[in-house]
Amino acid sequence: MPMLPRIIAVLGPDRVGKSTLVENSFHTINEFANVEKLHFSGPKPHHNNPIDQYIEPLNKILAQNTAEYILCDRGFSEVCFYEKFRRNIVISEQWAVAAESYFFSMSKSIDVLMVERSWEWAKENHLKEIDELFPNATQYYKRNQLLVREEEHKQYYNYMKDYLENISTLPYQIIQPKLGESVLDYILV
C-alpha cells in the first residue's frame, strides 16, 4: 500500500516570505522525516488544464513512495487569482476545488497556511526586486511597477480570504511567521 504524505500548502502574494517559510520548514522537517518541496508558478504550455501544474509534480513524488511530508510553495486557488489578475484569463474556481480534492485524496492530512503581511511590510522586498529586474529603468517606470504590485497584493488578500472562507474545502490558517519559524510552529505534527 502506498504511503500517504502529510501535505502543507503555503499561500500568499509575492514577496511576503512564503518561500522562506517553506525553506525553513524543509530543513526542520528533513531532520526527522523524508520531505519534498513543490513550487507552483502557473500553467505551462504542455498543461491541458489549469490544475495540471499541481497534479503532475505531485504524482511524480507519490510514485517514489518515500515522502512523509510535501511542502507546497503556492497552491490550488492561486491559479484562479493570478491568471485573472495578470493575464485576464478567467478560470472557474471549480478547478481549484478539484485540485484540493485530489491533493486531499492523496494525503494523510492536508493543511493550508496563508502568510498575511501588510503592503508596508512587503513593499521594501518589492522595491529591491524591481531595482534588480530593471536596474536602468526610470523612477517613473519603477513607480508604476510598484503601484501594480501594490494593487495585486491587496487584491490577492481580498480574493483569497473570500475563496478560503466561502469556497475551499480545506482547513486553513492565516499566519504571520517570524524569521526562522517553520510550518510546524502552526500545525500539530
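Scope of this entry: the structure provided in the associated data block. Residue numbers run consecutively from 1 along every chain, following the written order of its sequence. For this predicted model, a pLDDT threshold of at least 70 governs which residues receive local features, and a threshold of 80 or more governs which side-chain atom pairs are given and counted, while totals over whole chains, interfaces and linings are taken from all residues. The side-chain figures draw on all heavy atoms in the structure; neither hydrogens nor water molecules are used.

A short note on the packing of aromatic side chains
Just so we agree on the cut-off: Two aromatic rings, drawn from Phe, Tyr or Trp (for Trp, its six-membered ring), form a pair once their centres lie within 6.5 Å of each other, and the interplanar angle then sorts them: stacked below 30 degrees, edge-to-face above 60, tilted otherwise. Secondary structure counts use DSSP, requiring at least four H or I residues in a row for a helix and at least two E residues in a row for a strand, with both numbered from the N terminus. For every residue, the accessible area obtained with a 1.4 Å probe (protein chains only) is divided by the maximum for its type, and the residue is called buried under 20%, exposed over 50%, and partly exposed between those limits.
Summed over all chains, the structure comprises 13 aromatic pairs. Each ring, one from phenylalanine 40 and one from tyrosine 54, has its centre 4.7 Å from the other, and the planes form 80 degrees; the classification is edge-to-face. With phenylalanine 40 in the loop between β2 (35–39) and α2 (52–64) and tyrosine 54 in helix α2, the pair connects residues that are 14 residues apart, well separated along the chain. Both residues of the pair, phenylalanine 40 and tyrosine 54, count as buried. Seen from their ring centres, tyrosine 156 and tyrosine 157 are 5.6 Å apart, and the 85 degrees between their planes marks the pair as edge-to-face. Residue classification places tyrosine 156 among the buried residues on the basis of a relative accessible area of 0%.

Looking at the pattern of salt bridges
We apply this condition: Salt bridge, as used here: a side-chain nitrogen of Lys or Arg that lies within 4 Å of a carboxyl oxygen of Asp or Glu.
This model, assessed by the stated rule, comprises 12 salt bridges. Linking glutamate 23 and lysine 37 is a salt bridge whose minimum nitrogen-to-oxygen distance equals 2.6 Å. With glutamate 23 in helix α1 (residues 18–30) and lysine 37 in strand β2, this residue pair connects regions lying 14 residues apart in the sequence. Note on glutamate 23: relative accessible area 30%, which makes it partly exposed. One network of salt bridges, with partners in common, ties together Asp14, Arg74, Glu78, Arg86 and Glu152.

Some words on unusual backbone geometry
In this model, phenylalanine 76 sits at a positive phi of 50 degrees, which is unusual for a non-glycine residue. Within the secondary structure, phenylalanine 76 is located in the loop between β3 (69–73) and α3 (78–87). Positive phi, normally seen in glycine, also occurs at asparagine 88, with a value near 60 degrees. With respect to the helices and strands, asparagine 88 occurs in the loop between α3 and α4 (93–105).

A few points about α4
The line we're drawing: Any helix carries an expected span of 1.5 Å times its number of residues minus one. Think of the arc as the fan of directions from the helix axis to the C-beta atoms.
Compared with the 18 Å implied by 1.5 Å per residue over 13 residues, the 18 Å span of α4 between its first and last C-alpha is a close match. What α4 keeps buried is the set Ala96, Val97, Ala99, Glu100 and Phe103. When α4 is viewed along its axis, its buried side chains cluster within an angular range of 160 degrees and face the same direction.

Focus: the sheet that holds strand β4 (residues 109–115)
Strand pairing in a sheet relies on backbone hydrogen bonds. The paired strands run either parallel or antiparallel. Threshold: For two strands to be treated as a pair, DSSP must find no fewer than two bridges joining them. Think of each axis as a best-fit line through the C-alpha atoms, taken over the contacting stretch in the case of a helix, with angles from 0 to 180 degrees between the N-to-C directions.
Sheet architecture is open: five strands sit in the order β2-β3-β1-β4-β5, paired in parallel fashion. The open sheet is flanked by β2 and β5 (172–175), the only strands paired with a single partner. Strand-to-strand, the axes of this sheet are offset by a mean angle of 20 degrees, without reference to chain direction. Direction of pairing for β2 relative to β3: parallel, over a ladder of five bridges.

Side note on the packing of α2 against α4
What counts, and what does not: The labels follow the angle: roughly parallel below 35 degrees, roughly antiparallel above 145, roughly perpendicular from 65 to 115, and oblique for the rest. Helix crossings fall into two classes, left-handed where the near helix is turned counterclockwise from the far one by less than a right angle and right-handed where it is turned clockwise. Contacts are assigned to residue pairs with any non-hydrogen atoms lying within 4.5 Å of each other. Side-chain classes are defined by residue name, with Ala, Val, Leu, Ile, Met, Phe, Trp, Tyr, Cys and Pro counting as nonpolar, Asp, Glu, Lys and Arg as charged, and the others, Gly among them, as polar.
α4 packs onto α2 with a crossing angle of 15 degrees between their chain directions and a minimal axis gap of 10 Å. When the axis of α2 is compared with that of α4, the two are roughly parallel. In the crossing of α2 with α4, the sense of the turn from one axis to the other is left-handed. Residues Tyr54, Ile55, Leu58 and Asn59 of α2 touch α4, and the partners they reach there are Ala99, Tyr102 and Phe103. Each residue belonging to the contact of α2 with α4 can be placed in one class, and the counts come to six nonpolar, one polar and no charged.

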